[in-house]
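Here is what each chain is made of, one letter per residue.
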Amino acid sequence: MNTKLHAICDSQGRPIDLFVTAGQVSDYIGARALLSGLPNVKWLLGDRGYDADWFREALQDKGIRACIPGRKKRKTPIKYDKRRYKRRNRIEIMFGRLKDWRRVATRYDRCPKVFLSAIALAALVIYWL
């Protein structure tokens, strides 16, 4: 019953693409699933969980600069734009607004497809209508 929601958002914090994984699964699976749906952008802001060399290389191949802090256990520290990274709060605000919907916050649905549909419906009503 534990799940993680991975999302691609625009610069205003509106969700564009959503993906649900099991809670105990690494963030790399969500990153790999959403990689093909990335729009043409200059920067990608991400959490420490998305710090992987293969993900950074895939973003670089698409012409996207990564603003992802390195994991704490990384041997060589990764430089990132700390000022730009502070804008990631828009994404956290988006997740918080989705959880204002009780059905999303408490996860009434057992089926992941139905749960993702409820999240998509909430995002549609909150951000796009």
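Up top is the structure these notes are about.
Residues numbered from 1 in each chain as written. Predicted model: local features only at pLDDT ≥ 70, side-chain atom pairs only at ≥ 80, totals over all residues. Heavy atoms only, no water.

Q: So what's going on with the overall build of the protein? Which residues, and what values?
A: Within the protein one finds six helices and four strands. Ordered by position from the N terminus, the helices and strands of the protein form the series β-β-α-β-α-β-α-α-α-α. A compact globule built from 129 residues would reach a C-alpha radius of gyration of about 14 Å, and the protein, at 15 Å, matches this within 12%. Seen through its C-alpha atoms, the protein measures out along the principal axes to roughly 45 × 30 × 25 Å. (Helix = DSSP H or I, 4+ residues; strand = E, 2+ residues; numbered from the N terminus. Rg over C-alpha atoms; globule rule 2.2 N^0.38 Å.)

Q: Give me the side chain of His6: which residues, what numbers.
A: Of note, His6 is situated in strand β1 (residues 3–9). Judged by its relative accessible area of 2%, His6 is buried. One polar contact links His6 to Tyr50, side chain to side chain, over a distance of 2.5 Å. Setting aside chain neighbours within four positions, we find His6 in contact with Asp17, Leu18, Phe19, Thr21, Asp27, Gly30, Leu34 and Tyr50. (Buried < 20%, exposed > 50% of the residue type's maximum accessible area, 1.4 Å probe, protein only. Polar contact = N/O pair within 3.5 Å; in protein donor to acceptor, adjacent residues only side chain to side chain. Contact = heavy atoms within 4.5 Å.)

Q: Which residues make up the layout of surface pockets, and what values do they have?
A: By volume, the largest pocket is sized at about 1,200 Å³. Lining the largest pocket we find 42 residues, and of these Ala7, Ile8, Cys9, Leu45 and Ile91 sit closest to its centre. At the level of elements, β1, α1 (27–35), β3 (43–45), α4 (89–98), α5 (102–106) and α6 (112–128) are the ones that each hand at least two residues to the lining of the largest pocket. Per-element tally for the lining of the largest pocket: the top contributor is β1, with seven residues. (1 Å grid on protein atoms, 1.4 Å probe; cavity = no way out; pocket = protein on both sides within 12 Å on 5 of 7 lines; lining within 4 Å. Points joined across faces, edges and corners; volume = space filled by probe spheres on them.)

Interpretation note: all reported values are geometric properties and have no functional meaning in isolation.
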